[in-house]
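# An overview of the molecular structure
The chain contents come next:
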Amino acid sequence: EVNKRLKEIDSNRTEFVSIVAHQLRTPLAGIKWTLDMLINGDIGEMTLEQKAQLMKILDTNERIIRFVTDLLSISRIESGRLEYKFTPVNLNQIAESVLLDIYPISNKKQITVNFRAKGISIPEVAADTDKIMAVFQNVLENAVKYCPVGGHVTLDIRNKGSEIQVSVADDGPGIPKDEQKNIFKRFYRAPSAVKMQSEGSGLGLYLAKAIVEGHGGKIWFESEANRGSTFYFTVPIPKK
Ligand code: ADP
C-alpha cells in the first residue's frame, strides 16, 4: 500500500514538472522572438549599448529555455515517454557541428580544443541525432565550462570494432574522489564545482547517461582532483 502511494506521488511529481515546463515554453519562446526583433532593429534602430544589454537578456533567456527543455526530457524519461528516432548517423559529423556551437565559449576562455579524429572515417551508428547531439554538447560544454582560462580539451572518436567510443579530456580541476559517485545523479553538482562555476543545473550528465543507455551504450569518466577529467561514452555499431 505504501509502495503504491509512493509511486503515485512520484508520478504526480513527474506530471507536475512536465506541466510547468510546458507552460513556460510558450512565453519563453515569445520573449526570444521579441528580443530577436529588437536586436535586429525591426522595431527601430538600437544603439550598440542597448543591443549589448539585450543580447545579455537573450543569453539568459536561452539558458532558461535549455533548462526547461532538460526538465521536459527528464519528465519524459521518468514516465517512460522519451522516444527515440533512430537513423544512420556519423558521430564525427555530429562532433564537428557541436564543436562549432561551443566555439564562442571556448574561444572566449582561450581554451584549445583539439579534435583528434577530425576527418577520419568511421562506421555509422543508429542514433537519434538531436539526442546524441545533446550528449556531445553536455560533455563538451562541461569540459570547457570547468576548465580554467587557457586550458586544453581533447575530443577523440575511435572505432572499437563493436562500438564507437567518444572521449572528452580536459585539464580542468578534476572531480574529487568522494564526489565521484554522485556525478550522474539528477540535480547533483559537486560542491567544488559550484564554488568555481555558479551556472549549471546538475541535469546534463543525468540526461546524457539516460540517452547513451537508450542507445545501448555506456558512459563513465576517469578523474582525479587537480588532474583533469576524461569522460567516455560508447554507441554500438549495428551488426551487418
Ligand atoms: P552542471 O549543470 O552542474 O554542469 P552536469 O550534470 O553536467 O551538471 O554535471 C554534474 C557535475 O559533474 C557538475 O556540477 C560538476 O561537479 C561535475 N563535472 C561534470 N563535468 C566535469 C568536468 N569536465 N570537470 C570537473 N567536474 C565536472
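This section reports on the structure supplied with the text. (Residues numbered from 1 in each chain as written. Predicted model: local features only at pLDDT ≥ 70, side-chain atom pairs only at ≥ 80, totals over all residues. Heavy atoms only, no water.)

### Details of the pairing of strand β6 (residues 219-223)
In the case of a regular strand, side chains alternate between the two sheet surfaces. Inclusion rule: Partly exposed describes any residue whose relative accessible area lies between the buried limit of under 20% and the exposed limit of over 50%, with all areas from a 1.4 Å probe on protein chains only and scaled to the type maximum. In this text, helices come from DSSP runs of H or I with a minimum length of four residues, and strands from runs of E with a minimum of two, each type numbered from the N-terminal end. Only strands joined by at least two bridges in the DSSP assignment are considered to pair.
Of the two faces of β6, only one is covered, namely that formed by Ile 219, Phe 221 and Ser 223; the face formed by Trp 220 and Glu 222 stays uncovered. Taken together, the 5 bridges between β6 and strand β7 (residues 229-236) define a ladder with antiparallel strand orientation. Paired with Phe 221 across the strands is Phe 231, a residue of β7. Remark: 5 residues form the turn of the hairpin made by β6 and β7, two consecutive strands paired antiparallel; Asn 226 in that turn has positive phi of roughly 70 degrees.

### Points about the pattern of salt bridges
Side-chain pairing between opposite charges can occur once the charged atoms of the two side chains come close. The condition that has to hold: Definition used for salt bridges: Asp or Glu carboxyl oxygen within 4 Å of a side-chain nitrogen of Lys or Arg.
Per the stated rule, a full pass over the model turns up 14 salt bridges. The salt bridge partner of Glu 213 is Lys 209, with a shortest N-O separation of 3.1 Å. A residue pair is termed a helical-turn pair when its members lie 3 or 4 positions apart in one helix, as Glu 213 and Lys 209 do in helix α6 (residues 204-214) at 4 residues. Looking at Glu 213, the relative accessible area reads 44%, which means it is partly exposed.

### Considering the sheet that holds β7
Convention followed: Axis definition: a line fitted to C-alpha atoms, over the contacting stretch in the case of helices. Angles run 0 to 180 degrees between N-to-C directions. In what follows, residue pairs with any heavy atoms lying within 4.5 Å of each other are defined as contacts.
One open sheet accounts for 5 strands, arranged β2-β4-β5-β7-β6; its pairing is mixed. Of all the strands in the sheet, just β2 (112-115) and β6 have a single pairing partner and so form its edges. Taking the axes of each pair of neighbouring strands and ignoring which way they run, one obtains an average angle of 15 degrees across the sheet. One ladder, built from 8 bridges, connects strand β5 (residues 163-170) with β7; its direction is antiparallel. Its bridge partner lying in β7, Ile 164 is registered against Val 235. Packing against the sheet, helix α3 (residues 91-108) makes contact with β2, β4 (152-159), β5 and β7, and its axis sits at approximately 175 degrees to β2.

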